[in-house]
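Reading the structure
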Amino acid sequence: MSNLKLVGVGGLAASKTAGDTIKTFALGSCVAVIMLHPPTRGVGMVHVALPDSSIANGNADSRPGYFADTGIPALLKEMAALGCVGPSNRSLLVKLVGGAKVMDPNNVFTIGKRNVLAVKKVLWSLGMGPLAEDVGGNFSRTVSVSIDTGQITISSPGKEDWQL
Amino acid sequence: MTRKISRTEILAALHKVPLISPSANHLLQVANQEGHGLPDIVNIVKCDAALTAHILKVVNSAALARGREITSLDRAIAIMGEDMIMGIAISDAADRLFQTDLQGYAANRGDLWRHDLRTAIAAKKITPFSRQPVNADLAFTGGLLHDLGKAIISDFLKGTIAEIVTAIETGRFADYPAAEREELGVDHCDIGFELATAWGLPEPLQNVIRHHHHPLEAAEKFRPLCYVVHLGDLIAMMTGSGTGADAMRCNIDPGYTDYIDLDRDDLPRIIFEVETEFNTITLSLSDKGEGSP
């Protein structure tokens, strides 16, 4: 039976249950970090809103997924709990969606770009990197991942759905 | 893209919208006054039985009451603060507009309210960074009301989304409001302004609604407030509270630096504070099965 797991802003979810779909809505400058583990068909997603938890003054613990530096380790922990991480993280395929941009010549509102860069830096520090990405642009994205197929579907109003 | 609807038809739809309640209107006038206080708010609310009942219901929600029963309006308003009172008053007064599913934008019921609430909180958080003083309560209220024009023109935009998105992506239009003007002869800012005028809202709020996408077009005395809401609107879209097809399809006015002194490190802090406050308010309002107000 199909079961939808919704991920809110700063939330995360992981599953390897057949029929499950993980979905997050309306990614603006936020980035969905998606991890796939083909040997177990495990899938995880975290909806990252900001690059760095240092601005949370110690309040990031309740919502680790909100920040790139705490969200990715938290998702890895979830994946590990499902048995979806091997001796190294290299068996995980990582894909990124979101990070829409605001063209701000003052370089203040460029949170989308900063999120994508922060996510990559955290992944690199863990010996990982994105296999594919659908980031940037000036539009909102909704993304879902099927546990059965690992297929990532992206939608945005006024556009045909596409796969990553 | 050809214009399908006349401005007259849209204005006719606007004039079918009920007038805002006297108490909500009175609260908006008070929010426009520097130096007003909670007693002013209490005096207005206590004359409106339905609003008083709603406020007491929310303050006794699990998120706010924490086991205490609160029966005094003064105490309730002190606990909740002016922002939440204003949010409830305005959402009650314009419930039909806020709860419209914006089919012309591919937005669901409640999306407009969530976007406006997040914009309101963000606008208020930005006011300390304004180079000229801006009334934080007015910024909050302006954020709540800035996009009400969408509820009126949405029906007229049904079936246009794919065409508009393609036109923007191929560079034909700079932003979504420009496409609305081409399609309808007016955009949601124009129609929101007409509504604000019909409701007799204070002049600063009329200007915020009219100029929130292009604040430089506002008269100089209103520009700081318009820039504050302009940036609050962007923050709401960036953080996932958009209204469908137009989310992120608008431009920042780079001249904001003449009015707002924000740097790269300020913005993430503001976004996190907005998220925290947004969750508190929506949780309080959704307790007892109310859903979005």
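Overview of the structure. (Residues numbered from 1 in each chain as written. Chains lettered and ligands numbered in written order. Predicted model: local features only at pLDDT ≥ 70, side-chain atom pairs only at ≥ 80, totals over all residues. Heavy atoms only, no water.)

**Remarks on the environment of B:Val228**
Residue and element names in this part refer to chain B. Structurally, the position occupied by Val-228 is in helix α15 (residues 223–238). The class for Val-228 is buried, based on a relative accessible area of 0%. Among all residues touching Val-228, those that are not within four sequence positions of it are Ala-123, Ile-126, Thr-127, Ser-130, Val-134, Ala-139 and Ile-260. (Helix = DSSP H or I, 4+ residues; strand = E, 2+ residues; numbered from the N terminus. Buried < 20%, exposed > 50% of the residue type's maximum accessible area, 1.4 Å probe, protein only. Contact = heavy atoms within 4.5 Å.)

**Regarding the side chain of A:Thr153**
All names here are of chain A. Among the structural elements, Thr-153 can be located in strand β9 (residues 152–155). Separated by 3.0 Å, the side chains of Thr-153 and Gln-163 make a polar contact. Ignoring any residue separated from it by four or fewer positions in sequence, one finds Thr-153 in contact with Thr-142, Val-143, Ser-144, Asp-161, Trp-162 and Gln-163. (Polar contact = N/O pair within 3.5 Å; in protein donor to acceptor, adjacent residues only side chain to side chain.)

**Considerations on the sheet that holds strand β2 (residues 12–15) of chain A**
All names here are of chain A. Here 5 strands make up an open sheet; going across it, the order is β2-β5-β4-β6-β7 and the pairing mixed. Across the chains shown, the open sheet's two edge strands, defined by having one partner strand only, are β2 and β7 (130–135). Within this sheet the neighbouring strands show an average axis-to-axis angle of 10°, counted without direction. Bridge count for strand β6 (residues 93–98) against β7 is 5 bridges, and the pairing is parallel. Pairing of Gly-98 across the sheet is with Val-135, part of β7. Contacting β2, β4 (31–37) and β5 (42–48), helix α1 (residues 68–81) crosses the sheet at an angle of about 160° to β5. Packing against the sheet, helix α2 (residues 111–125) makes contact with β4, β5, β6 and β7, and its axis sits at approximately 30° to β4. (Pairing = 2+ DSSP bridges. Axes fitted to C-alpha atoms, helices over the stretch in contact; angles between N-to-C directions.)

**Comments concerning the interface of chain B and chain A**
Tallying the contact residues gives 31 residues for chain B and 32 residues for chain A. Between chain B and chain A, a total of about 2,700 Å² is buried, with carbon and sulfur atoms accounting for 65% of that surface. Among the residues of chain B in contact with chain A, B:Met248, B:Arg264 and B:Phe272 are the three that bury the most area, contributing 26% of the side total. For the pair chain B and chain A, the interface holds 7 residue pairs in polar contact (both at pLDDT 80 or more). At the level of secondary structure, the elements contributing two or more residues to the side of chain B that touches chain A comprise α11 (161–169), α15 and α16 (266–286) of chain B. Ranked by residue count, the leading element in the side of chain B that touches chain A is α16(B), at 7 residues. Tallied by class, residues from the side of chain B that touches chain A come to 20 nonpolar, 5 polar and 6 charged. (Buried area = accessible area lost by both parts, 1.4 Å probe. Nonpolar A, V, L, I, M, F, W, Y, C, P; charged D, E, K, R; others polar.)

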